[in-house]
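The primary structure of each chain is shown beneath.
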Amino acid sequence: MKISLALAFLGILGALSVVAEDRYQIFTWEVTYGTIYPLGVPQQGILINGQFPGPTIDGITNDNIVVNVINKLDEKFLITWNGIKQRRTSWQDGVLGTNCPIPPKSNWTYKFQLKDQIGTYTYFPSTKLHKAAGGFGALNIAQRSVISIPYPAPDAEFTLLVGDWFKTNHKVLRRLLDFGKKLPSPDALLINGQRNSAVFTGQAGKTYKFRVSNVGLTTSINFRIQGHSLKLIEVEGAHTLQDTYESLDIHVGQSVAVLVTLNQPVNGYTIIATSRFTPIVLTTTATLQYAGSSSKAPGSLPIAPTDVDWSMKQANSIRLNLTANAARPNPQGSFHYGTIPITRTIILANSEANIHGKLRYAVNGISHINPLTALKLADWFNIPGVFNLNTISDVPPPAGTPAKLGTSVVGLTLHDFVEIIFQNNEDTIQSWHMDGSSFYAVGYEYGVWTPASRNIYNLADAVPRYTVQVYPKSWSAILVSLDNKGMWNLRSAIWPRQYLGQELYLRVWNNEQSLYTEANIPDNALFCGMAKHLH
């Protein structure tokens, strides 16, 4: 009898262990204005719980994240989770096509899971030009203890948020764009909200992980550390071959992780970030301080590269570690993307446009405008007149076709395997971000893409990522398996261009209604536009 009871008890415990949910992390964030001094003079910033930058979320694969955002600003507000896939639920994506914005003096709670992801990510405000005032922060995802990492465990890690900064108030900058003017050049670069003053302290002989993200609005950066090499180990959630670099280009919206071994004489060494592809070179510094020393290392600081060729060559050198595990125990190279037939090719050409006498940016001749009704709501409730799937075409219009305003939604079928070409005919570098899915960045090259360009694709070990740069007068190609149903934003990560229309949405759909493919509308969903009465 005792044995039977014991076995029954063990059975109950086993059943409980099967149904037990992954860990929950619950946060309450108050979003407020506050006075900050990143350039030594007071200016209005957007703070989260009084912090600039905002608090870091340190998660583990499959953690459930609950963030109650209390909007104490005088404007509507949203946060987007840059690179978090939001598996089966674009309801939590935090952009105007998927979420109605949080009204002033109210709150909304995000609920999402860090499902099958590891790596270095960020969050930031997606509404208005709020990102120019702050509200951004880091979101780091560590592997579960049962999944090995493909490098010796670092002794500690540091998170660096690097980006350009403007002294001008974000509302003034926004009015410039609204009036059809370009933004001025940024005034500075910052590291963790500081200029030339952040300090990261470590012990001689030990190795540290540096998570570095470009959280700027407009500017690519080059990152380097005096006297130290950077061993690249991760790019946007994927383990890379562990090549060593003297410096790394990190474009707007991108994140990397590197290992740095403190193998130099005990001193303080300069961490440097320099703007790339800008007429005026901006530089900011921080300090890698060896414990026990207060002196600066002698010698000159490393110089940044200046040409595009160097950056493109480096981009093509970054490869996926095919034998490493990531969030799951299966090797990263087990998905043979290069052997999958392409179901559709989409060529997206960005352009600067003048529409109704004002500056706009367009994709395939369409400058996107967000309707008052969130696209996801319109799709879910079949609300007519909000969007259609014929506004934007799969190829650019003939040269000389004037751009026009429109709501750009591309219709795709769940599990399509799509080739997307970003064609950049302009003289400035571009950066594109996709929500909801990682894609394989298979090629970068000068000139105009043609079908023959596929001959140079990397179909074996390209890195899956969520943001890709497109060099001036060049193209970048990605391959993506659209296995995440929903309405997903594809946008310029260069925020003035996004604000003025360089974005679109991917409607990944099938006619099956199943919680296995897409979650139901959340109980706390906000309603706006023509969906407002549904609340």
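How each quantity is defined
Sequence order as written defines the numbering, with residues in each chain counted from 1. The predicted origin of the model limits local features to residues at a pLDDT of at least 70 and limits the giving and counting of side-chain atom pairs to 80 or more, whereas totals for whole chains, interfaces and linings rest on all residues. The side-chain quantities take in all heavy atoms of the structure and omit both hydrogens and water. Runs of E in the DSSP output that reach at least two residues are strands. Runs of H or I that reach at least four are helices, and both are numbered from the N terminus. Computation of the radius of gyration draws on C-alpha atoms alone. For the globule rule, the value is 2.2 Å times the number of residues to the power 0.38. Remark: exposure states derive from per-residue accessible area (1.4 Å probe, protein chains only) relative to the maximum for the residue type, with buried under 20%, exposed over 50%, and partly exposed in between. Directions pointing from the helix axis toward each C-beta atom define the arc. Any two residues whose heavy atoms approach within 4.5 Å are treated as being in contact. Each polar contact in these results corresponds to two N or O atoms within 3.5 Å; when the atoms are within protein, one needs to be able to donate a hydrogen and the other to accept it, and residues that are neighboring in sequence are counted only if both atoms are side-chain atoms. Here a Phe, Tyr or Trp ring, Trp counted by its six-membered ring, pairs with any other such ring whose centre lies within 6.5 Å, and the pair is stacked when the planes are under 30 degrees apart, edge-to-face when over 60, and tilted otherwise. Counted as over-ring charges are cases with an Arg CZ or a Lys NZ within 6 Å of the ring centre that also lie within 35 degrees of the ring normal. Strand pairing is assigned whenever DSSP identifies at least 2 bridges connecting the two strands. Axes, fitted as lines to C-alpha atoms, cover a helix only where it is in contact. Angles between the N-to-C directions of the axes lie from 0 to 180 degrees. The definition of a nonpolar core used throughout is a set of buried Ala, Val, Leu, Ile, Met, Phe, Trp, Tyr and Cys residues joined through side-chain atoms within 4.5 Å. In what follows, a disulfide is any cysteine sulfur pair within 2.5 Å. The rule for a salt bridge is simple: a side-chain nitrogen of Lys or Arg has to be within 4 Å of a carboxyl oxygen of Asp or Glu.

A. A look at the overall build of the chain. Counting its regular elements, the chain contains 5 helices and 33 strands. Taking 535 residues into account, the globule formula puts the C-alpha radius of gyration at 24 Å, and the chain, at 23 Å, falls close to it. Overall, the C-alpha framework of the chain stretches about 85 × 65 × 55 Å when taken along its three principal axes. Evaluated residue by residue, the chain yields a buried proportion of 58% over its 535 residues.

B. Expanded view of helix H2 (residues 170-178). Taken together, the buried positions of H2 are His170, Lys171, Leu173, Arg174 and Leu177. In an axial view of H2, the angular spread of the buried residues amounts to 155°, which keeps them on one side of the axis. If you follow the buried residues of H2, they end up packed against strand E1 (24-36), strand E2 (43-48) and helix H5 (495-499). The backbone nitrogen of Lys171 has a side-chain oxygen 2.7 Å away, supplied by the residue at the start of H2, namely Asn169. Just beyond H2, the residue with positive phi is Gly180, at close to 85°.

C. Region of interest: the environment of Leu359. Following the sequence through the fold, Leu359 ends up in strand E22 (residues 358-363). With relative accessibility at 10%, the residue Leu359 sits in the buried group. Apart from the residues within four sequence positions on either side, Leu359 is in contact with Gly180, Lys181, Lys182, Glu352, Ala353 and Leu500.

D. Expanded view of the packing of aromatic side chains. Going through the model one piece at a time under the given rule, you end up with 24 aromatic pairs. Where Trp29 meets Trp81, the ring centres are 6.0 Å apart and the plane angle is 40°; that geometry is what we call tilted. Here Trp29, found in strand E1, pairs with Trp81, found in strand E5 (residues 79-82); they are 52 residues apart in sequence, far enough to count as distant. Comparing Trp29 with Trp81, the two get one shared label, buried. One aromatic cluster in this structure is built from Phe27, Trp29, Trp81, Trp108, Tyr110, Phe112 and Tyr123. The side chain of Arg276 reaches across the aromatic face of Phe277, ending 4.5 Å from its centre.

E. The side chain of Ser255, seen in detail. Looking at the secondary structure, you find Ser255 in strand E18 (residues 255-261). Of note is the side chain of Ser255, whose polar atom sits 2.6 Å from the side chain of Ser213. Those residues in contact with Ser255, other than ones at most four positions away along the chain, are Thr120, Tyr121, Thr122, Val212, Ser213, Val235, Glu236 and Tyr466.

F. Quick peek at the sheet that holds strand E30 (residues 467-470). Taken in spatial order, the 5 strands line up as E25-E33-E32-E27-E30 in an open sheet, and their pairing is mixed. Each edge of the open sheet is held by one strand with a lone partner, namely strand E25 (409-413) and E30. In this sheet, neighbouring strand axes are inclined to one another by 20° on average, regardless of whether the strands run parallel or antiparallel.

G. The pairing of strand E9 (residues 156-165), seen in detail. Counting buried residues along E9, 7 of its 10 residues qualify, which places the element largely inside the surrounding structure. Bridge count for E9 against strand E12 (residues 207-214) is 7 bridges, and the pairing is parallel. When the sheet's bridge partners are listed, Val162 is paired in E12 with Asn214.

H. View of the nonpolar core. Within the largest apolar cluster, 35 residues are counted, with the highest numbers of intra-cluster contacts made by Leu160, Phe210 and Ile271. Counting residues in each nonpolar core, the second largest holds 30 residues, with Met312, Val468, Val480 and Leu506 among its members.

I. Local environment of the pairing of strand E32 (residues 486-492). Among the 7 residues in E32, 7 count as buried, and that is most of the element. One ladder, built from 3 bridges, connects strand E27 (residues 430-434) with E32; its direction is antiparallel. Residue pairing across strands places Trp432 opposite Ser492, the latter belonging to E32. Both E32 and strand E33 (residues 503-509) contribute to a ladder of 6 bridges, which runs antiparallel. Counterpart to Leu490 in the pairing with E33 is Leu504.

J. Looking closely at helix H3 (residues 308-317). Taken together, the buried positions of H3 are occupied by Ser311, Met312, Gln314 and Ala315. Angularly, the buried residues of H3 cover 160° about the axis, an arc narrow enough to put them on a single face. Where H3 is buried, its residues touch strand E16 (244-245), strand E17 (248-250), strand E19 (268-276), strand E28 (439-446), E30 and strand E31 (474-481). Its side-chain oxygen at 3.4 Å from the backbone nitrogen of Asp309, Asp307 defines the N-terminal cap of H3.

K. Inspection of the state of the cysteines at higher detail. Under the definition given, this model contains 1 disulfide. Across the disulfide, Cys100 is cross-linked to Cys528 (sulfur-sulfur distance 2.1 Å). Because the sign of the S-S torsion sets the handedness, a value of about -75° for the bond joining Cys100 and Cys528 places this disulfide among the left-handed ones. Of this pair, Cys100 sits in the loop between E5 and strand E6 (106-113) while Cys528 is found in the segment after E33, placing the two residues 428 residues apart along the sequence. In this pair, the class of Cys100 matches that of Cys528, namely buried.

L. Examining the sheet that holds strand E4 (residues 64-71) more closely. The strand order across the open sheet formed by 4 strands is E2-E1-E4-E6, and the pairing between neighbours is mixed. At either margin of the open sheet sits one strand with a lone partner, and together these are E2 and E6. The sheet shows a mean angle of 20° between the axes of neighbouring strands, taken without regard to direction.

M. Here's a closer look at the pattern of salt bridges. In total, this model carries 19 salt bridges according to the counting rule given. Between Arg276 and Asp249 there is a salt bridge, with the nearest N and O atoms lying 3.0 Å from each other. In this pair, Arg276 sits in strand E19 while Asp249 sits in strand E17, placing the two residues 27 residues apart along the sequence. As far as burial versus exposure is concerned, Arg276 and Asp249 are alike and both buried. Across the salt bridge formed by Asp427 and Lys473, the nearest N and O atoms sit 3.8 Å from each other. Residue Asp427 is located in the loop between strand E26 (417-424) and E27, and its partner Lys473 is located in the loop between E30 and E31; the two are separated by 46 residues in the primary sequence. In this structure Asp427 comes out as exposed when scored by relative accessible area, which is 62%.

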